[in-house]
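Examining the three-dimensional arrangement
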Amino acid sequence: MALARPDLLAPYLKLDQGGKIQAEYVWIDGDGGLRTKTMTLAKNIKDITELRVWDFDGSSTNQAPGHDSDVYLRPAAIFKDPFRGGSNILVLAETYNSDGTPNRTNYRHFAAKSMELAKEHVPWFGLEQEYTLLDADGSPLGWPKGGFPGPQGPYYCGVGTGKVFARDLIEAHYRACLYAGVSISVPSWACEGIHMGDHLWMARFLLVRIAEQFNVKVSFHPKPLQGDWNGAGCHTNYSTKTMREPGGIKAINEAIAKLAERHNDHIAVYGEDNEQRLSGRHETAHISSFSSGVANRGASIRIPRQVAAQGFGYLEDRRPASNIDPYRVTSIIVETTLLS
């Protein structure tokens, strides 16, 4: 498989667009993957209401039968396009069936309703997306072919040859997120309500799209490699206005008690194959039990030590897997702690 050739593409990206812009619509398909198609617009877009509803063949994305295949794309969020630059945009879109009902994979539609009901509490989220990079042949990137690297230890936040691989890809993704307007590596609880899901999905799109240029695959499976290796999660940091104010530790503990009561309900939407990751080992709590603790990365819910010391802040739900739908996770947390 040939690598992308940005040097060949570069001269064409410099060509004048004649006052028109490209709007690349991005949506979640029927298998939790991402799809895109691009529309030409006659002028710059200043507001999302200026974008029109589009459609696609849902029978090709596992979202509709062939005899009624049109699925509609309703713009939900706009980001700057780091691939084309200029005034070009990326449009995150929701999917709707021909009768106007949300498509079965459109969890944003329902999450938005929960966030609207809870908006007075100003829920903030920060999702720590973990993932695994693979060679084009499916083997872990940087691993010796047919073998294994040394045991875990020197790789976490590592520096140096043999400890870090694909740093250029990671830096490219980081900068692309900043350019696009994705909220990344700001205080980990600073994305409000429905916007958390929007920003995580766009960050995933940018990652997979950039990895494509490096001829690298991205896996969001929570345990892509069996054995004595950490899995991949999507730890979810969460707070409300009350939690962030002095004395908020009381609200944090109350929320944890509510989360404990609905442990199984949460596990049901916290990612597929998560039982392979939540083994009680490798910095996880066992999937069948609920626990919490201060600075305890082996618990279901961790209260950061600084939060416990100052008496307010946020909690970290360590149960979600790397392949979650963020709309489902953020909405059930709001429903459990604020709307039940």
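Residues numbered from 1 in each chain as written. Predicted model: local features only at pLDDT ≥ 70, side-chain atom pairs only at ≥ 80, totals over all residues. Heavy atoms only, no water.

**Regarding the overall build of the protein**
Secondary structure assignment for the protein yields 9 helices and 13 strands. Against the globule reference of 20 Å for 340 residues, the protein gives a C-alpha radius of gyration of 21 Å, in line with a compact fold. Expressed along its principal axes, the backbone C-alpha trace of the protein runs to roughly 60 × 50 × 40 Å. Looking at the protein as a whole, 43% of its 340 residues qualify as buried. Relative to all contacts within the protein whose residues are 6 or more apart in sequence, the contacts with residues 24 or more apart total 66%. In the structure as shown, the protein presents an accessible area of about 17000 Å², 53% of it carried by carbon and sulfur atoms. Separation of charge centres in the protein, based on 36 positive and 38 negative side chains, amounts to 4 Å. (Helix = DSSP H or I, 4+ residues; strand = E, 2+ residues; numbered from the N terminus. Rg over C-alpha atoms; globule rule 2.2 N^0.38 Å. Buried < 20%, exposed > 50% of the residue type's maximum accessible area, 1.4 Å probe, protein only. Contact = heavy atoms within 4.5 Å. Areas by Shrake-Rupley, 256 points an atom, 1.4 Å probe, with all protein chains shown as cover. Lys, Arg positive; Asp, Glu negative; His and termini not counted. Charge placed at Lys NZ, Arg CZ, Asp CG, Glu CD.)

**Here we look at the sheet that holds strand 3 (residues 54-57)**
Here 5 strands make up an open sheet; going across it, the order is 2-1-5-4-3 and the pairing mixed. Edge positions in the sheet fall to strand 2 (34-41) and strand 3, since each has one partner strand and no second. Adjacent strand axes in the sheet meet at a mean angle of 40 degrees, parallel and antiparallel pairs treated alike. With 4 bridges joining them, strand 3 and strand 4 (residues 70-80) adopt antiparallel strand pairing. By the bridge assignment, Trp-54 is partnered in strand 4 with Leu-73. Those strands touched by helix 4 (residues 195-213) are strand 1 (21-28), strand 2, strand 4 and strand 5 (89-96), and its axis lies near 115 degrees from that of strand 5. (Pairing = 2+ DSSP bridges. Axes fitted to C-alpha atoms, helices over the stretch in contact; angles between N-to-C directions.)

**Section: the environment of Gln-152**
Mapping Gln-152 onto the fold places it in the loop between strand 7 (132-134) and helix 3 (167-180). Separated by 77 residues in the primary sequence, Gln-152 and Trp-229 have C-alpha atoms spaced 7.1 Å apart. Excluding its chain neighbours within four sequence positions, the residues that come into contact with Gln-152 are Asp-228, Trp-229, Asn-230 and His-282. Only 2.8 Å separates the side chain of Gln-152 from the backbone nitrogen of Asn-230, close enough to count as a polar contact. (Polar contact = N/O pair within 3.5 Å; in protein donor to acceptor, adjacent residues only side chain to side chain.)

**Topic: the environment of Asp-81**
Along the chain, the position of Asp-81 falls in the loop between strand 4 and strand 5. Using a relative accessible area of 0% as the deciding quantity, one classes Asp-81 as buried. Taking C-alpha positions, Asp-81 is 8.4 Å from Ala-23, a pair spaced 58 residues apart along the chain. Excluding anything up to four places from it in sequence, Asp-81 contacts Glu-24, Asn-88, Ile-89, Leu-90 and Tyr-179.

**Side note on empty space enclosed by the protein**
One pass over the full model with this rule turns up 1 cavity of 30 Å³ or more. Approximately 90 Å³ is the volume found for the largest cavity. Taken together, Ile-28, Ala-76, Leu-92, Ala-93, Glu-94, Thr-95, Thr-105, Asn-106, Tyr-107, Arg-108, Trp-201 and Tyr-327 form the lining of the largest cavity. Among the secondary structure elements, those contributing two or more residues to the lining of the largest cavity are strand 5 and helix 2 (107-117). The dominant element in the lining of the largest cavity, judged by the number of residues it contributes, is strand 5, at 4 residues. Of the residues in the lining of the largest cavity, the class split is 7 nonpolar, 3 polar and 2 charged. (1 Å grid on protein atoms, 1.4 Å probe; cavity = no way out; pocket = protein on both sides within 12 Å on 5 of 7 lines; lining within 4 Å. Points joined across faces, edges and corners; volume = space filled by probe spheres on them. Nonpolar A, V, L, I, M, F, W, Y, C, P; charged D, E, K, R; others polar.)

**Some remarks on the packing of helix 3 against helix 4**
Between two packed helices, what matters for the description is the angle formed by their axes and the separation of those axes. The N-to-C vectors of helix 3 and helix 4 enclose an angle of 135 degrees; their axes lie 9 Å apart at closest approach. With respect to helix 4, the axis of helix 3 lies oblique. For helix 3 against helix 4, the interelement crossing comes out right-handed. Facing helix 3, whose interface residues are Leu-169, Ala-172, His-173, Ala-176, Cys-177 and Ala-180, helix 4 presents Ala-203, Leu-206, Leu-207, Ile-210 and Ala-211. Of the residues that constitute the contact of helix 3 with helix 4, the class distribution is 10 nonpolar, 1 polar and no charged. (Parallel < 35°, antiparallel > 145°, perpendicular 65-115°, else oblique. Left-handed = near helix turned anticlockwise from the far one by under 90°.)

**Looking at the pattern of salt bridges**
A side chain with one charge may pair with a side chain of the opposite charge, provided their charged atoms come close. Applying the stated criterion across every chain yields a total of 16 salt bridges. Salt-bridge contacts for Arg-108 lead to Glu-94; the nearest nitrogen and oxygen are separated by 2.9 Å. Here Glu-94 lies in strand 5 and Arg-108 lies in helix 2, a separation of 14 residues in the sequence. With respect to class, Arg-108 is no different from Glu-94; both count as buried. Ionic contacts of the salt-bridge type, sharing partners, join the residues Glu-24, Asp-81 and Arg-84 into one network. (Salt bridge = Lys/Arg side-chain N within 4 Å of Asp/Glu carboxyl O.)

**A few points about the pairing of strand 4**
The sheet contact formed by strand 4 and strand 5 spans 8 bridges and is antiparallel. Across the sheet, residue Arg-74 finds its bridge partner in strand 5, namely Glu-94.

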